[in-house]
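Summary of structural features
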Amino acid sequence: MSTHNLNQAPVLVMGAGIMGMGIAQVAAQAGHAVSVYDTRADAVPLAKQKLADSLAALVAKGKMTAEAVQALLARITPLSQLSDAGHVSLVVEAIVENLAVKRSLFQELEGVVSEQCVLATNTSSISVTAIANGLKHPQRLVGMHFFNPVPLMKLVEVVSGLQTDVNVAQAIFDLAGVWGKTAVYARSTPGFIVNRIARPFYAESLALLQEQAARPEQLDALLRGVGFRMGPCELMDLIGHDTNFSVTQSVFEANFFDRRFTPSLVQRELVDGGLFGRKTGRGFYSYPEGAPALPVTHVAALPANTQWVVHGSGAVADALASAVTQHAQGKAASRATSSAWVGIEVAGLQLHQTDGRSAWQVAQALGLKNVAVFDELPTVAGGALAFAAVGADDVSHTAAAVLQALGFAPVQVADAPGLVVARTLAMLVNEAADAVLQGVCTTDGANAAMKLGVNYPAGPFDWLARMGRTRVVSVLHALDACYRGERYRVSPWLQRGEAA
Ligand code: NAI
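Every residue gets a number counted from 1 within its own chain, in the order that chain's sequence is written. Local features are withheld for residues below a pLDDT of 70 in this predicted model, meaning they are given only at 70 or higher, and side-chain atom pairs are given and counted only at 80 or more; totals for whole chains, interfaces and linings count all residues. Each side-chain value is derived from all of the structure's non-hydrogen atoms; neither hydrogens nor water enter the calculation.

**As for the sheet that holds strand E9 (residues 308-311)**
In short, DSSP must find at least two bridges between two strands for them to pair. Under the DSSP-based scheme used, a helix requires at least four consecutive residues in state H or I and a strand at least two consecutive residues in state E, with every element numbered from the N terminus. Strand order in the open sheet formed by 7 strands is E10-E9-E11-E12-E13-E14-E15, and the pairing between neighbours is mixed. Looking at which strands have only one partner, the edges of the open sheet turn out to be strand E10 (334-336) and strand E15 (409-412). Ignoring strand direction, the axes of neighbouring strands in this sheet form an average angle of 25°. Of the pairings in the sheet, the one linking strand E11 (residues 343-346) to strand E12 (residues 349-353) comprises 4 bridges and is antiparallel in character. Throughout, an axis means a line fitted to C-alpha atoms (over the contacting stretch in the case of helices), and angles, computed between N-to-C directions, take values from 0 to 180 degrees.

Encoded structure:
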């Protein structure tokens, strides 16, 4: 048990912006008396009025009672001067993202609040250790990182700096639970958990766009095919390229310009052009129209007497075999379970599931003319599945016809290593593995953070289990061999086989 019990503690929220008011709302909803302070005159009354309007809409929809709303609002009061904050036991700071301003605010607060008062910062990118520097009691400062919109997003990263007392971190962890959130411990390192592990979700699509391997709407459809609610391009358009680029840039800089986190020229161009996405009417797509639908591929059906052979063993081979039975004229596939590769042989063509190598490399290695590689299988029925093919003129058509016959929506992309989805997932796993290696979070913490903080359909270590360590590492090695440089270096945690 923590020595600090913050249940029902009077709370001071610093900053009445989008995050501060959201935090004030969840604290008041949990029964706390909440004071809100902002340097902008009228900021708090205006923000409170806005909150009242949005809660009134919930009453109209029958989601809250008028009495509950009234009680909630009554618990939130503006604080006109900091010197009146002596009674609070918890401060949650959500002011401007600036180290010097945050530091001086906490130093000023230490002269007002009691020695037991816990100080929390909602910073999304500044080191908690650095904010605590100069405090009389730096051990009571902890990160309490909420996600936007605060009332809806379930995750809170509880971020410890070098001097944070474990009991203080635990008190915030427990309190977040009482406020209806799922808390995850993190060490104060650039991007904490979510903003760090999520970088490759954007970076891999941006890299593929840079080499013209696929179009934005194809990339989006492919990642939606494995359960992401939005693809990377539409999501960057929604977040805003200015914001997304600046997070990438700050993680890059904070890691001493480690090239693994190098921002993308493709995104820089959009930012320079003021094409921020939805909010400016244009990013990858034009708004309000948004992403164009993928054109339906018309491929001639395979002949009725086609012989299907499924190679390899394991979950993917089994899924392919059952797709043959289900979709391909009800004919069962022959199985070649001892094959060293996973995929399908049909109509004289081998289709290999990607192990990172391009179709061209597989063809060279096997001395074959016609070869296709395909991506991670979609988890959504009829989902998009990327493939690339080399060989005779009609090989792409045959590959598309095979994948279509199995119930997938084939999307032809350039013959890039690890295609689109396997490459992106392997890189998310790799980043999460490094975070675990460096003690930033646990594997469970990373899974929970990515599912709750950015709504991923599964956590990175769930994907690792699904894809298998061997395949993840082999995709990363293939990417590393192709591109060189630091981006695709394999986490020692994966190399050591800790995941096996
Ligand atoms: P915002 O700009 O909407 O609100 C900031 C508020 O703080 C403004 O009302 C401003 O007048 C006030 N303020 C500035 N300096 C102050 C001071 N010295 N004392 C008192 N009030 C002061 O900003 P937002 O988006 O709410 O962000 C606040 C913090 O939360 C930042 O540290 C940000 O990095 C972090 N954050 C933001 C997220 C987001 O999606 N917007 C997500 C997670 C964290």
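**Some thoughts on the nonpolar core**
Inside soluble globular proteins, nonpolar side chains tend to come together where they are buried. Residues enter a nonpolar core if they are buried and are Ala, Val, Leu, Ile, Met, Phe, Trp, Tyr or Cys, with the set joined through side-chain atoms within 4.5 Å. Here's how the labels work: a residue is buried when its accessible area is under 20% of the maximum for its type, exposed when over 50%, partly exposed in between, all with a 1.4 Å probe on protein chains only. Residues Leu12, Val91, Leu109, Phe228 and Leu494 are the most contacted members of the largest nonpolar core, which totals 96 residues. Among the elements that make up this core, the one with the highest residue count is helix H16 (residues 421-437) (11 residues). The criterion used for residue contact is that any of the two residues' heavy atoms lie within 4.5 Å. Those residues in contact with Leu12, other than ones at most four positions away along the chain, are Ser35, Val36, Tyr37, Leu79, Leu82, Ala85, Val88, Leu90, Val91, Val92 and Leu109. Grouped together as the second largest cluster of nonpolar side chains are 44 residues, Ala27, Ala28, Val158 and Ala183 included.

**Details of the pattern of salt bridges**
Whenever a carboxyl oxygen of Asp or Glu lies within 4 Å of a side-chain nitrogen of Lys or Arg, that contact is scored as a salt bridge. If you walk through the whole model with that rule in mind, you get 17 salt bridges. Residues Asp272 and Arg268 are paired through a salt bridge, measuring 3.3 Å at the closest nitrogen-oxygen approach. With Asp272 and Arg268 both in helix H12 (residues 265-272), this residue pair falls 4 residues apart, about one helical turn. Asp272 sits in the exposed class, given a relative accessible area of 55%. Look at Arg268 and you get partly exposed, because its relative accessible area is 42%. Ionic pairing is found between Asp462 and Lys451, a salt bridge with its closest N-O pair at 3.6 Å. Of the two residues, Asp462 is situated in helix H18 (residues 460-467) and Lys451 in helix H17 (residues 443-453); the sequence distance between them amounts to 11 residues. Shared partners join several salt bridges into a network, and the residues in it are Arg196, Arg260, Glu431 and Asp434.

**Remarks on the site of the ligand**
One heavy atom suffices: a residue is near a molecule or strand as soon as one of its heavy atoms comes within 4 Å of it. By nearness alone, 21 residues border the ligand, and Asp38, Arg40, Glu97, Lys102 and Ser124 come closest of all. Residues adjacent in sequence count toward polar contacts only when both atoms are side-chain atoms; beyond that, a polar contact is any pair of N or O atoms within 3.5 Å, and within protein one must be able to donate a hydrogen and the other to accept it. Met19 places a main-chain nitrogen or oxygen 2.9 Å from an oxygen atom of the ligand. Between an oxygen atom of the ligand and a main-chain N or O atom of Ile95, the distance comes to 3.2 Å. In short, Shrake-Rupley with a 1.4 Å probe defines the accessible areas, and a residue's cover is counted only from the protein chains shown. Burial of the ligand by the surrounding chains reaches 74%, relative to a free accessible area of 840 Å². Among the detected pockets, the ligand sits in the largest pocket. For cavity detection a 1 Å grid was placed over the protein atoms alone, and a set of points counts as a cavity when a 1.4 Å probe fits there but cannot get out; an open set counts as a pocket when protein lies on both sides within 12 Å along at least five of seven lines, with lining residues being those that have an atom within 4 Å of a point. Assignment of a molecule to a cavity or pocket requires that more than half of its atoms lie within 2 Å of the corresponding grid points.

**Considerations on the pairing of strand E6 (residues 141-146)**
Of all the 6 residues making up E6, 6 are buried; the element is thus mostly covered by neighbouring parts of the structure. Here E6 shows no split at all, with Leu141, Gly143 and His145 on one side and Val142, Met144 and Phe146 on the other all buried. Relative to E6, strand E5 (residues 118-121) runs parallel, the two sharing 3 bridges. Among the inter-strand pairings, Ala120 is bridged to a residue of E6, identified as Val142. Examined bridge by bridge, E6 and strand E7 (residues 155-160) share 4 bridges and lie antiparallel to one another. By the bridge assignment for E7, Met144 is matched with Val158.

**Some words on the layout of surface pockets**
Grid points are joined across faces, edges and corners, and a volume is the space filled by probe spheres set on the points. The calculated volume of the largest pocket comes to roughly 1,200 Å³. Along the wall of the largest pocket there are 44 residues; nearest its centre are Phe147, Asn148, Asn195, Ile239 and Thr243. Residue assignment for the lining of the largest pocket shows that the elements contributing at least two residues are helix H1 (18-29), E6, helix H7 (194-197), helix H8 (199-210), helix H10 (232-239) and helix H11 (241-254). Here the lining of the largest pocket gets 7 residues from one element, more than from any other, and that element is H11.

**Here's the deal with the domain arrangement of the chain**
Buried accessible area, meaning the area lost when the parts come together, often serves as the stated size of an interface. According to the domain assignment, the chain contains domain 1 (11-188), domain 2 (195-280) and domain 3 (308-412). Note that domain bounds follow an automatic or database assignment of domains. A straight line from the C-alpha centre of domain 1 to that of domain 3 covers 52 Å.

**Let's talk about unusual backbone geometry**
Cis geometry is found at the peptide bond from Asn148 to Pro149, where omega equals 0°. Structurally, Pro149 can be placed in the loop between E6 and E7. Along the chain, Tyr287 connects to Pro288 via a cis peptide bond; the corresponding omega equals 15°. In the Ramachandran plot, Phe256 falls in the positive-phi region, its phi being about 55° despite a non-glycine side chain. Within the secondary structure, Phe256 is located in the loop between H11 and H12.

**Some details on H16**
What a helix should span is 1.5 Å times the count of its residues minus one. With 17 residues, H16 should cover 24 Å at 1.5 Å per step; its first-to-last C-alpha distance of 24 Å lies within 8% of that length. Among the 17 residues of H16, 16 are classified as buried, and the element is accordingly described as predominantly covered. Once H16 finishes, Gly439 follows within two positions and takes phi at roughly 70°, a positive value.

**Some remarks on the pairing of E9**
Across 4 bridges, the pairing between E9 and E11 is antiparallel. Counterpart to Trp308 in the pairing with E11 is Val346. Note: E9 against E10, 3 bridges, orientation parallel. Residue His311 lies in a different strand from E10, and its bridge partner there is Ala336.

**Describing the side chain of Ser205**
Within the element layout of this structure, Ser205 appears in helix H8. If we skip the residues at most four places from it in the chain, Ser205 touches Leu219, Leu223 and Pro232.

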